[in-house]
Amino acid sequence: MMEPSRIRNGDMTEPDNTRWLNADGTQMDEDHRGLVYDVQTLVNRRAALGLFGGVALTTLLAACAPVASGTEPKATLSATPRTSPSSASPSASPSPSPSASTSAVPITEIPDETGGPYPADNSNGVNILDDSGIVRSDIRSSFGSSTTTAAGVPLQFSLTVRDAASGNAIVGVGVYAWHCDAAGNYSLYSRGVENENYLRGVQQTDPAGTVTFTSIFPACYPGRWPHIHIEVYADVATAVAAGPILKTSQLALPKEACDAVYATTGYESSARNLGGVTLTSDNVFGDDGGIFQIATVSGDVTKGYTAALAVGI
């Protein structure tokens with residue numbers, strides 16, 4: 001399993017009416033934003049892809065998705081562990097331990113990605129991780145001073161964390177997941193939902209290495225492919241203390257499901273925005289078309305969708 005690391009920068013594009021904040025909560029200027037292009041992400045991903053060899057890589061990419069050429073490098077900030085807030089008092093969680101399986105085989109490590117400008121993990125002006133109520137499986141509603149429920153097509157997504165070298169499930173790690181609502185807004189940051197904390201949650205992986213969140217299908221906002229953010233921590237205690245991160249990445253939703261959802265009421269702007277972006281033009285998934293991050297999705301707009309992704313670390 002990889003050592004703790006820190007990939008922290010902002011998406012190159014973001015929803016309208018949102019605020020980019022410095023760590024002290026003040027407005028970030030445009031020049032500062034320009035520093036955050038994820039060079040390390042590009043280097044790490046291309047190094048990982050190089051393991052396949054020329055012929056195998058060509059075959060794999062031809063079968064899954066075209067590779068974007070001339071992708072703009074993305075910057076990174078230095079990876080440093082964060083100080084645990086004294087207010088955090090999580091219940092004890094076991095250290096991560098691979099669950100051996102005779103049928104397990106090595107898998108590709110999921111690429112490191114930006115956490116975006118709206119993580120609420122104590123790295124960009126807001127910290128939701130030490131709030132009572134953040135450890136939960138149903139993330140549709142806000143908790144605390146608000147109980148607003150985010151509207152949208154139901155989505156249940158499962159993330160199975162595996163040791164990339166062995167393929168074994170990793171039991172007991174903490175997973176923090178968050179995404180935008182049906183209007184493309186991020187709770188705690190976007191205008192109008194600054195006092196909401198919905199669509200954010202932390203869970204501990206079960207004996208199969210899996211966490212499952214009950215949520216809604218996220219919007220497609222200008223310039224980004226529909227996605228869900230992921231941070232993996234050594235355990236829940238480390239997550240709620242905003243401690244070192246083992247892996248920061250993103251889950252991509254497949255186009256067929258997006259097309260169906262965005263044809264429904266409430267997602268009108270998403271249908272338009274999706275027409276302006278592809279997996280290969282997206283500034284996060286564009287290096288390889290998101291071939292290691294596209295979730296397997298089933299369901300329909302009436303009953304809702306289920307999504308699943310293996311997260312190799």
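Residues numbered from 1 in each chain as written. Predicted model: local features only at pLDDT ≥ 70, side-chain atom pairs only at ≥ 80, totals over all residues. Heavy atoms only, no water.

Overview of the overall build of the protein
Rules: Numbering of helices and strands runs from the N terminus, with a helix taken as a DSSP run of H or I at least four residues long and a strand as a DSSP run of E at least two residues long. Each residue is assigned to one of three classes by its accessible area relative to the maximum for its type, calculated with a 1.4 Å probe on protein chains only: buried under 20%, partly exposed between the two thresholds, exposed over 50%. Note on contacts: a residue pair is in contact if any heavy atoms of the two residues lie within 4.5 Å. For accessible areas, the Shrake-Rupley method is used with a probe of radius 1.4 Å. Any residue's cover is judged against the shown protein chains and nothing else.
Broken down by element type, the protein carries six helices and 10 strands. Counting all 313 residues of the protein, 52% fall into the buried class. A separation of at least 24 residues holds for 79% of the contacts in the protein among residues at least 6 apart in sequence. Roughly 12,900 Å² of accessible area belongs to the protein as shown, and the carbon and sulfur atoms make up 54% of that amount.

Overview of the sheet that holds strand β5 (residues 200–204)
Strand pairing in a sheet is mediated by backbone hydrogen bonds. Such pairs are either parallel or antiparallel. To be explicit about the condition: The pairing criterion for strands is at least two bridges between them, as found by DSSP. Axis geometry follows a simple rule: fit a line to the C-alpha atoms, using only the stretch in contact for helices, then measure angles between N-to-C directions, giving values from 0 to 180 degrees.
With respect to topology, four strands assemble into an open sheet ordered β5-β4-β7-β8, the strand pairing being antiparallel. Here the strands that pair on one side only, and so sit at the sheet edges, are β5 and β8 (245–252). Here the average twist between neighbouring strands, direction ignored, is 20°. When strand β4 (residues 174–178) meets β5, the two strands line up antiparallel, connected through five bridges. In the strand pairing of β5, Tyr176 is matched with Val202.

Here we look at the environment of Ala169
Within the secondary structure, Ala169 sits in strand β3 (residues 169–171). Relative accessible area serves as the criterion here: at 6%, Ala169 is assigned to the buried category. A sequence separation of 36 residues divides Ala169 from Thr205, and the C-alpha atoms of the two residues are 9.0 Å apart.

Looking at the packing of aromatic side chains
The condition that has to hold: Pairs were defined over the aromatic rings of Phe, Tyr and Trp, the Trp ring being its six-membered one, requiring ring centres within 6.5 Å. Orientation was assigned from the angle between planes: stacked under 30 degrees, edge-to-face over 60, tilted for the rest.
Scanning all chains against the criterion turns up eight aromatic pairs. Considering the side-chain rings of Tyr262 and Tyr267, the 5.6 Å spacing of their centres and the 35° angle between planes classify their relative orientation as tilted. Residue class for Tyr262 comes out buried when judged on its relative accessible area of 3%. The class for Tyr267 is buried, based on a relative accessible area of 1%. Members of the aromatic cluster, joined through ring pairs, are Tyr118, Tyr186, Tyr189 and Tyr221.

Details of the environment of Asn195
Mapped onto the fold, Asn195 is located in the loop between β4 and β5. The class of Asn195 is exposed, set by a relative accessible area of 68%. Spatially, the C-alpha atom of Asn195 lies 8.9 Å from that of Ser142, the residues being 53 residues apart in sequence.

Concerning the confidence of the model for the protein
Going by this rule: For every residue, the predictor assigns a confidence score, pLDDT, that lies between 0 and 100.
On average, residues of the protein score 79 in pLDDT, and 68% of them are at 70 or above. Per-element confidence in the protein ranges from a low mean pLDDT of 33 for helix α3 (residues 54–64) to a high of 99 for β4. Throughout residues 2–14 the model reports pLDDT below 50, and contacts reaching past four residues in sequence, or to other chains, amount to 75 contacts.

Here's the deal with the side chain of Thr238
Mapping Thr238 onto the fold places it in helix α4 (residues 236–240). The contacts of Thr238, once residues within four sequence positions are left out, are Tyr233, Gly243 and Pro244.

Considerations on the pairing of strand β10 (residues 304–312)
Sheet analysis places strand β2 (residues 154–162) next to β10, joined by eight bridges and oriented parallel. In the strand pairing of β10, Leu159 is matched with Leu309. Pairing between strand β9 (residues 296–300) and β10: five bridges, direction antiparallel. Bridge pairing in β10 links Val297 to Ala307.

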